[in-house]
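# What the coordinates show
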Amino acid sequence: MGIRLVLGDITEQRVDAVVNAANSSLLGGGGVDGAIHRRGGPEILAECRALRAGRYGNGLPTGRAVATTAGRLPARWVIHTVGPVHSAGHDRSALLASCYAESLRVADELGARSVAFPAISTGIYGWPMDDGARIALTTVRNTPTDVRDVRFVLFDTRAYAVFAEVLDGLPRQS
Ligand code: AR6
């Protein structure tokens, strides 16, 4: 599997699946979530509402992932995952790692070969970028998957530089 870093907007990525940094309600929000629903149109929200009316009546738990259509985005699916809110007192890293691993598991179920990830939890949910990048890159590198192309889409040059430094420091793949 190849990992690439891209500076840009995740809603513009031509990939099989785009991952959304959602919240448990699945009903939208700000940041990546707001951008995906705005650009993707109402079909995505309609499927999210259907999930809430069915399997996820109590919302999507933190660390889990579920797929919908990508609506008008240049992708086939949106994989919604719920990152943990950063906490100075509690180590929630395993939940953040789970977002990446579960998203890849859902991508495999869909048959997706290319997936674009945002830096989950590093915006409104307050996760420090360097730690968020380390968890993102090590989890994706170590998760067995049929996905061939994993793209991290970073919104600004600082996030891109942090991801690039962490990626450079990872042990080479065997
Ligand atoms: N493309 C790529 N990256 C982006 C984009 C974009 N269009 N927009 C923001 N980012 P956030 P979270 C970056 O806040 O921290 C929502 O309200 C951003 O700079 O989108 O997981 C949800 O509904 C940051 O580095 O997600 C939840 O309530 C990263 O994406 C909550 O926010 C993630 O920022 C989730 O918070």
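Residues numbered from 1 in each chain as written. Predicted model: local features only at pLDDT ≥ 70, side-chain atom pairs only at ≥ 80, totals over all residues.

Within an unreviewed UniProt entry, the label attached to the protein chain reads O-acetyl-ADP-ribose deacetylase, and the organism entered is Thermobifida halotolerans.

### Let's talk about the overall build of the protein chain
Within the protein chain one finds 5 helices and 6 strands. Taking 174 residues into account, the globule formula puts the C-alpha radius of gyration at 16 Å, and the protein chain, at 15 Å, falls close to it. In terms of its C-alpha atoms, the protein chain occupies a principal-axis envelope of roughly 45 × 35 × 30 Å. For the protein chain, the residues scored as buried account for 41% of the 174 residues in total. Summarising the internal contacts of the protein chain: among those between residues at least 6 apart in sequence, 73% fall at separations of at least 24. (Helix = DSSP H or I, 4+ residues; strand = E, 2+ residues; numbered from the N terminus. Rg over C-alpha atoms; globule rule 2.2 N^0.38 Å. Buried ≥ 20, exposed ≤ 12 C-beta atoms within 10 Å, placed from the backbone. Contact = placed C-beta atoms within 7 Å.)

### Section: the nonpolar core
A17, V18, I79, V115, F117 and A136 are the most contacted members of the largest nonpolar core, which totals 51 residues. Every residue in contact with V18, bar those within four places of it in the chain, is listed here: I10, Q13, I36, A70, L73, A75, V78 and A116. (Core = buried A, V, L, I, M, F, W, Y, C linked by C-beta atoms within 7 Å.)

### Re the packing of helix α4 (residues 129–142) against helix α5 (residues 157–169)
At their nearest, the axes of α4 and α5 sit 9 Å apart, and the two run at 50° to each other. When the axis of α4 is compared with that of α5, the two are oblique. As for how α4 packs across α5, the hand of that crossing is right-handed. Side by side, α4 and α5 meet where M129, D130, A133, R134 and L137 of the first sit next to A159, V162, F163, V166 and L167 of the second. (Axes fitted to C-alpha atoms, helices over the stretch in contact; angles between N-to-C directions. Parallel < 35°, antiparallel > 145°, perpendicular 65-115°, else oblique. Left-handed = near helix turned anticlockwise from the far one by under 90°.)

### A word on the packing of helix α3 (residues 93–110) against α4
Look at α3 against α4: their axes get within 9 Å of each other, and the N-to-C directions meet at 40°. Between α3 and α4, the crossing angle belongs to the class labelled oblique. Handedness of the crossing formed by α3 with α4: right-handed. Contact residues: α3 offers S93, L96, A97, Y100, A101 and L104, while α4 offers G132, I135, A136, T139 and V140.

### Here's the deal with the sheet that holds strand β2 (residues 15–22)
Across the sheet, which stays open at both edges, the 6 strands sit in the order β1-β6-β5-β2-β4-β3 with mixed pairing between neighbours. Here the strands that pair on one side only, and so sit at the sheet edges, are β1 (2–7) and β3 (65–69). Between one strand and the next, the sheet's axes are offset by a mean angle of 25°, whatever the strand orientation. Pairing of β2 with strand β4 (residues 75–82) involves 7 bridges; the strand directions are parallel. (Pairing = 2+ DSSP bridges.)

### Topic: the site of the ligand
Around the ligand lies a shell of 24 residues, among which A21, N23, G29, G31 and G123 are the nearest. Elements represented by at least two residues in the shell around the ligand include exactly β2 and α1 (31–40). With 4 residues, α1 is the single largest residue contributor to the shell around the ligand. Its residues assigned to classes, the shell around the ligand comprises 13 nonpolar, 9 polar and 2 charged. (Near = placed C-beta within 6 Å. Nonpolar A, V, L, I, M, F, W, Y, C, P; charged D, E, K, R; others polar.)

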